[in-house]
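# Remarks on the overall topology
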Amino acid sequence: MTRVAQLLPQVRTFLDQRPIPMFINGEWVAASAGGTFQTLDPGQGRPLATVAEGQAADIERAVSAARTAFRSSGWATMPVQKRAAYLHRLADLVDRDRQILVQIEALDVGKPLAQADGFDIPNVAQTLRWYADLAVRTHREEPLQVAGLEARQIRVPYGVAALVLPWNFPLLLVGWNLSPALAAGNTAVIKPAEDTPLSTLYFCRLVQEAGIPAGVVNVVPGYGETAGRALAEHPGIHRLGFTGSPEVGRLIAASCGRNLVPVKLELGGKGAAVVFGDVDPAATAQALVAAVTLNTGQVCCTATRWIVHERVWDEFVHAACTAMEALVIGHSFAPDTQMGPAVSEKQRQRILGYLQRGVEGGARAVLPGGRAEVAGHPSGFYVKPALLSGGPENICARDEIFGPVAYLMKFKEEAEAIDLVNRSAYGLANSVWSQDLARAQRVAEALVAGNSWINAHNVFAHGVPYAGCNLSGFGGGVLGPDTLLDYLRPQSIVRPLG
Ligand code: NAD
């Protein structure tokens, strides 16, 4: 039997707090109403920690603290190099406590330790450093050449950035959203997802240790309909960054519309992979199985529709089934686990429900998926990967399932494949697989989405903007150099010359 990783004592102490308090104005505080909620280890289906449940009154305290910190902590006005030094110090602390954060994230989301360690947590430190350095290099003042005027444009931070975030990559998305906001000189209030608030709360200890002034970063855990809604509707925020579902994105955008708060929406997706007949079918199938099972398929941009040329269809489908069946499903702490559980029973039911409706709607279950049993963890929320095939109108070809489910469609001509991809109401990310790079580039350009990848799927790099269009969101995206500018408002200063 393989050895399961041991819980670090620091993680045990952190999780044993009853409850884990929220972080407002540099202090650890209980919820105003005294409420708490539980988060689960989805691998065991058992409570993991008890967390203070923030509500409107706590959001009020947090926004007020962030406004005060923006006005008077010195964060917004200090030299950019000094702010960058704080963010570097914070990144160093994330690196120092990497294994603690890895364990917390793996337990709260259910993702394999190796994934949290190989991607999620180091990425947070990298993002902090990348935006800190970019902020130092970015010109914030530009002379304007206009006859008769002495004119210039400056860029200054907005004020309070509200960040409402999902459960699939909790701390990585704190990194992607908080880093540009802070590097620009804003202060922030974060509402992490109720399923996975733990890593964001632990991160606040590091914010404190880094010496970042009180009130610059505030975290209010709680439910979407209460804490999330109160934050989105708060008239005291100056910007909002939301990552989550289109349904909630619409509500958030409506609140921002009412208050005229600029908003960035990073929403769901229904990514496609176009596989041409000149690829190695087995290697491509392997890569796409890895993509659709990453984080148990709970990845907004992953490849969920596989549009495969008839020439390689049989070999590709066979190889995909073999790879899916060989996948080791298990608890996040078991060292051989390749795919963990769904994040919650609700999410598992969503996945199973879609599989049932897809088959009822005429899809063929090449691999049926379903509940998975993992020895020793009978109450975990495990599912098997599934492979369906059928027409483009099937619900499983149209809706974001957010699970390890791929939907196969066959094509003959390039134009047919492009049409199949572009039928989606989403527009986040697609990939093209071909040895003919001219064709791959041409098709990549024709796909309507924020991101087109060639011979790879799920490619994220600091400096490459990651954004969606249509149902996948708007507002400039994340990870690019422009994201920093999104958190700086332009202001012109003009003196007519006599
Ligand atoms: P969700 O929309 O249910 O929740 C996201 C956040 O919004 C949570 O913090 C939640 O508490 C909060 N919320 C819920 N109702 C609210 C309300 N009425 N007012 C204010 N806040 C509210 O999404 P989820 O289930 O946590 O995450 C999955 C979704 O996120 C998927 O659609 C996925 O594709 C998307 N996602 C997108 C990206 C991207 O970069 N585009 C990245 C990760 C996840």
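Here goes a summary of the coordinates provided.

The subject of this paragraph is the site of the ligand. If you check the shell around the ligand, you find 28 residues, and the closest are Leu165, Glu194, Ser245, Leu267 and Glu400. For the ligand, an oxygen atom lies 3.3 Å from a polar atom in the backbone of glycine 224. Here the ligand has 840 Å² of accessible area as a free molecule, and 90% of this is covered by the chains. Contributing elements (two or more residues each) for the shell around the ligand: α8 (224-233), β10 (239-243) and α9 (246-259). Its residues assigned to classes, the shell around the ligand comprises 16 nonpolar, 7 polar and 5 charged.

As a rule of thumb, soluble globular proteins bury nonpolar side chains together. Among the nonpolar cores identified, the biggest contains 64 residues, and Val94, Leu178, Leu198 and Phe203 are the most heavily contacted of them. Take this core: its biggest share by element is 10 residues, from helix α5 (residues 113-137). With residues up to four places along the chain from it excluded, the contact list for leucine 178 reads Leu163, Ala188, Ile190, Phe203 and Val217. If you look at the next biggest cluster of nonpolar residues, it comprises 30 residues, including Ala272, Leu352, Tyr354 and Ala363.

Pairing is antiparallel in the open sheet, where 3 strands are placed in the order β5-β6-β22. Pairing within the sheet leaves two strands with one partner each, and these edge strands are β5 (141-144) and β22 (488-496). Shown here is a sheet whose adjacent strand axes are inclined to one another by a mean of 20°, direction ignored. With 9 bridges joining them, strand β6 (residues 149-157) and β22 adopt antiparallel strand pairing. Bridge pairing in β22 places glutamine 153 opposite serine 492.

Our focus in this paragraph is the packing of helix α6 (residues 170-184) against helix α7 (residues 198-209). Where α6 meets α7, the closest approach of the two axes is 8 Å, and the angle between their N-to-C directions is 55°. Between α6 and α7, the crossing angle belongs to the class labelled oblique. Remark: the crossing between α6 and α7 carries right-handed chirality. Every residue of α7 that contacts α6 at Pro170, Leu171, Val174 and Leu178 is listed here: Ser199, Thr200 and Phe203. Residue composition of the contact of α6 with α7, grouped by class: 5 nonpolar, 2 polar and no charged.

Moving on: the state of the cysteines. Inspection of the entire model under this criterion finds 0 disulfides. Cysteine 396 provides the cysteine sulfur closest to cysteine 321, a residue in no disulfide bond, and the two sulfurs are 16 Å apart. By relative accessible area, which is 1% here, cysteine 396 ends up buried.

What follows concerns the pattern of salt bridges. Where charged atoms of side chains with opposite charge meet at close range, the side chains can pair. One pass over the full model with this rule turns up 18 salt bridges. One salt bridge connects arginine 96 with aspartate 97, and the closest N-O pair in it is separated by 2.9 Å. A salt bridge links aspartate 486 to lysine 264; its shortest N-O distance comes to 2.5 Å. One end of the pair, aspartate 486, is in helix α16 (residues 481-486); the other, lysine 264, is in strand β11 (residues 263-266), and 222 residues separate them in sequence. Residues aspartate 486 and lysine 264 agree in their burial class; the two are buried. Linked by salt bridges that have partners in common, Asp92, Asp95 and Arg129 make up one network.

Before going further, it helps to examine the packing of aromatic side chains. Evaluation of the coordinates by the stated rule reveals 14 aromatic pairs. On the basis of an interplanar angle of 80° and a centroid distance of 6.2 Å, the ring pair of phenylalanine 119 and phenylalanine 169 is categorised as edge-to-face. A residue pair is termed long-range when its members are at least 10 positions apart, and phenylalanine 119 in helix α5 and phenylalanine 169 in the loop between β7 (160-164) and α6 qualify at 50 residues. An aromatic cluster of at least three residues, connected via ring pairs, comprises Phe119, Phe169, Trp176, Trp453, Phe460 and Tyr466. The ring of tyrosine 158 carries the charged tip of arginine 239 above its face, separated from the ring centre by 5.2 Å. The ring centre of tyrosine 487 lies 5.2 Å from the NZ or CZ of arginine 239, which sits over that ring.

Once that is clear, we can look at unusual backbone geometry. Each neighbour pair has its own omega, and for arginine 18 with proline 19 the value is -5°, a cis peptide bond. Along the polypeptide, proline 19 turns up in the loop between α1 (9-15) and β1 (22-24). You will see that asparagine 295, though not glycine, has its phi angle at about 55°, which is positive. As for its placement among the helices and strands, asparagine 295 is situated in the loop between α10 (281-293) and β13 (303-309). With a phi angle near 75°, leucine 479 is a residue other than glycine that sits in the positive phi range. Note that leucine 479 resides in the loop between β21 (473-474) and α16.

In this section: the sheet that holds β13. The sheet built from 7 strands is open, its strands ordered β14-β17-β18-β13-β12-β19-β20 with mixed pairing. Of all the strands in the sheet, just β14 (364-367) and β20 (451-454) have a single pairing partner and so form its edges. The mean inter-strand angle of the sheet, taken between neighbouring strand axes irrespective of direction, is 25°. Here strand β19 (residues 429-433) runs beside β20; their pairing, made up of 4 bridges, is parallel.

Scoring rules and cut-offs
Residues numbered from 1 in each chain as written. Predicted model: local features only at pLDDT ≥ 70, side-chain atom pairs only at ≥ 80, totals over all residues. Heavy atoms only, no water. Near = heavy atom within 4 Å. Polar contact = N/O pair within 3.5 Å; in protein donor to acceptor, adjacent residues only side chain to side chain. Areas by Shrake-Rupley, 256 points an atom, 1.4 Å probe, with all protein chains shown as cover. Helix = DSSP H or I, 4+ residues; strand = E, 2+ residues; numbered from the N terminus. Nonpolar A, V, L, I, M, F, W, Y, C, P; charged D, E, K, R; others polar. Core = buried A, V, L, I, M, F, W, Y, C linked by side-chain atoms within 4.5 Å. Buried < 20%, exposed > 50% of the residue type's maximum accessible area, 1.4 Å probe, protein only. Contact = heavy atoms within 4.5 Å. Pairing = 2+ DSSP bridges. Axes fitted to C-alpha atoms, helices over the stretch in contact; angles between N-to-C directions. Parallel < 35°, antiparallel > 145°, perpendicular 65-115°, else oblique. Left-handed = near helix turned anticlockwise from the far one by under 90°. Disulfide = S-S within 2.5 Å. Salt bridge = Lys/Arg side-chain N within 4 Å of Asp/Glu carboxyl O. Phe/Tyr/Trp six-rings, centres within 6.5 Å; stacked < 30°, edge-to-face > 60°. Lys NZ or Arg CZ within 6 Å of the ring centre and 35° of its normal.

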